[in-house]
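Report on the structure
Each chain, letter by letter, is given below.
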Amino acid sequence: PVTPDILEEARDLIQGDRASSYGDAKTSFERIASLWSTYKGVEITAKDVASMMILLKVSRGVTSAKRDNWLDIIGYAALGSEIAQTHQPHRA
């Protein structure tokens, strides 16, 4: 069978399956950021959550060659980019 391109597969996951399972990514990452901030006693943003989830997948990749790690890194990077764009300061 032909495997979909990993970029298309990541897009389909974050716009389809995972979105329907977990809800809006920005809302989810903001909720996670709030919980992590409270736990650690430091401010963590939704953008930080995306970055830290990428680092989690990088760490897992050290001991596992699972394609899923790469797929999730792409997904977290795309979501993090969207979140970062929504938090850009407006310039005159």
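Okay, so let's go over this structure.

A few words on the environment of Thr86. On the secondary structure map, Thr86 appears in helix H4 (residues 67-86). For the pair Thr86 and Glu8, spaced 78 residues apart in sequence, the C-alpha separation works out to 23 Å. There is a polar contact of 2.7 Å between the side chain of Thr86 and the backbone oxygen of Ile83.

The interhelical angle for the contact between helix H1 (residues 6-22) and H4, taken along N-to-C directions, is 65 degrees, at an axis separation of 9 Å. As the angle between them shows, H1 and H4 are arranged roughly perpendicular. Considering only the axes of H1 and H4, their crossing is right-handed. In this structure, H1 contributes Ile6, Leu7, Glu9, Ala10, Leu13, Ile14 and Arg18 to the contact, and H4 contributes Arg67, Asp68, Trp70, Leu71, Asp72, Ile74, Gly75, Ala78 and Leu79. Of the residues belonging to the contact of H1 with H4, the class tally is 10 nonpolar, 1 polar and 5 charged.

Scoring rules and cut-offs
Residues numbered from 1 in each chain as written. Predicted model: local features only at pLDDT ≥ 70, side-chain atom pairs only at ≥ 80, totals over all residues. Heavy atoms only, no water. Helix = DSSP H or I, 4+ residues; strand = E, 2+ residues; numbered from the N terminus. Polar contact = N/O pair within 3.5 Å; in protein donor to acceptor, adjacent residues only side chain to side chain. Axes fitted to C-alpha atoms, helices over the stretch in contact; angles between N-to-C directions. Parallel < 35°, antiparallel > 145°, perpendicular 65-115°, else oblique. Left-handed = near helix turned anticlockwise from the far one by under 90°. Contact = heavy atoms within 4.5 Å. Nonpolar A, V, L, I, M, F, W, Y, C, P; charged D, E, K, R; others polar.

Remember, this is a structural readout, not a statement about activity or role.
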